[in-house]
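Descriptive analysis of the structure
So the chains spell out like this:
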Amino acid sequence: MRNTLALILAAGFASPALAASGPFVSLGNTDFVVLISFFVFIGVLFYFKVPGMIGGALDNRATGIQSELDEARTLREEAQTLLASYERKQQEVQTQADAIVAAAGEDAKLAAEQAKVELEASIARRLAAAQDQIASAEASAVKEVRDQAITIAIAAANEVIAKQMTATEANKLIDAAIDEVNTKLH
C-alpha cells in the first residue's frame, strides 16, 4: 500500500514538461544535458569496447549452450544405444527362459514316461511274485492234500489188513520182508 502511494506521488510531481526550460541547446535545458550525457555514455561504451565484450560474452554463452546441446545429443544417442542393448539382452534372456521352460517341460514328460515304465515294470514284478506265491500255495495245498490222502489210505489199509490178517499171515509177511531186505542189502 505504501509503495503504490509513493508511486502515485512521484508520477504526479515529476513531470518532463517542468524539467525542460529555456532554449534546447543550452546547459540549462535538462533534455539537452540528458541527450549529451547519453551520447557520452554511448561513446564510453564504444571506447571501452563494451558491445564487443557483450557480443563475445553472448558468443561464449551461445558456444557453451551449443556444446551443452551437443553433449545432451551425444548422451541421448548413448542412452538410446544402451536402451537398444538392454532390449536385445532382455530379448535374449526371454528366449533363453523360454528355452529353459521348454526343456523343463520335455524333461518332465520324459521323467513321467520313465516313471510310468518303471511303475509298469514294478507292477509286472509284483504280479509275477504274487503268481509265484499262488503257485507255491497251490503246490503246498496239493502236497498237503496228497499227504493227508496217503495218511488216510495207510490208515484205511492198516484197518483192512488188520481185520483180514491173522497172526500167522503177519509172521509170514515179516519173515518175507526181512529176507527181501537181506537180499537187497547183501
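Quantities reported herein were computed from a predicted structural model and do not represent experimental measurements.

**Things to note about the overall build of the chain**
For the chain, the helix and strand inventory stands at five helices and zero strands. The helix and strand sequence of the chain, counted from the amino end, reads α-α-α-α-α. Expressed as a percentage of its 186 residues, the buried residues of the chain come to 2%.

**Regarding the packing of aromatic side chains**
Going through the model one piece at a time under the given rule, you end up with two aromatic pairs. Here the aromatic rings of F38 and F39 are separated by 6.1 Å at their centres, their planes lie at 55°, and the arrangement is tilted. Overall, F38 belongs to the partly exposed group, its relative accessible area being 46%. With 5.1 Å between their ring centres and 80° between their planes, Y47 and F48 make a pair best called edge-to-face. Taking relative accessible area as the criterion, F48 reaches 52% and is therefore assigned exposed.

**Quick look at the pattern of salt bridges**
Proximity of charged atoms lets side chains of opposite charge pair with each other. According to the stated counting rule, one finds two salt bridges in the structure shown. Here D70 ties to R73 by a salt bridge, and the two come within 3.0 Å at their closest N and O atoms. With D70 and R73 both in helix α4 (residues 50-164) and three residues apart, this pair spans about one turn of that helix. Relative accessible area serves as the criterion here: at 33%, D70 is assigned to the partly exposed category. Judged by relative accessible area, R73 falls into the partly exposed class, the value being 45%.

**Comments concerning unusual backbone geometry**
Here the phi dihedral of K49 falls at roughly 55°; this positive angle occurs in a residue that is not glycine. Inspection of the secondary structure puts K49 in the loop between α3 (30-47) and α4.

**Describing a nonpolar patch on the surface**
On the surface, L27, V33, I36, V40, V44, Y47 and F48 cluster together into a nonpolar patch covering about 720 Å² of accessible area. Mapped onto the fold, F48 is located in the loop between α3 and α4.

Parameters at a glance
- Residues numbered from 1 in each chain as written.
- Predicted model: local features only at pLDDT ≥ 70, side-chain atom pairs only at ≥ 80, totals over all residues.
- Heavy atoms only, no water.
- Helix = DSSP H or I, 4+ residues; strand = E, 2+ residues; numbered from the N terminus.
- Buried < 20%, exposed > 50% of the residue type's maximum accessible area, 1.4 Å probe, protein only.
- Phe/Tyr/Trp six-rings, centres within 6.5 Å; stacked < 30°, edge-to-face > 60°.
- Salt bridge = Lys/Arg side-chain N within 4 Å of Asp/Glu carboxyl O.
- Patch = residues over 30% accessible without salt bridge, like charges linked within 9 Å, V, L, I, M, F, W, Y side chains within 5 Å.
- Areas by Shrake-Rupley, 256 points an atom, 1.4 Å probe, with all protein chains shown as cover.

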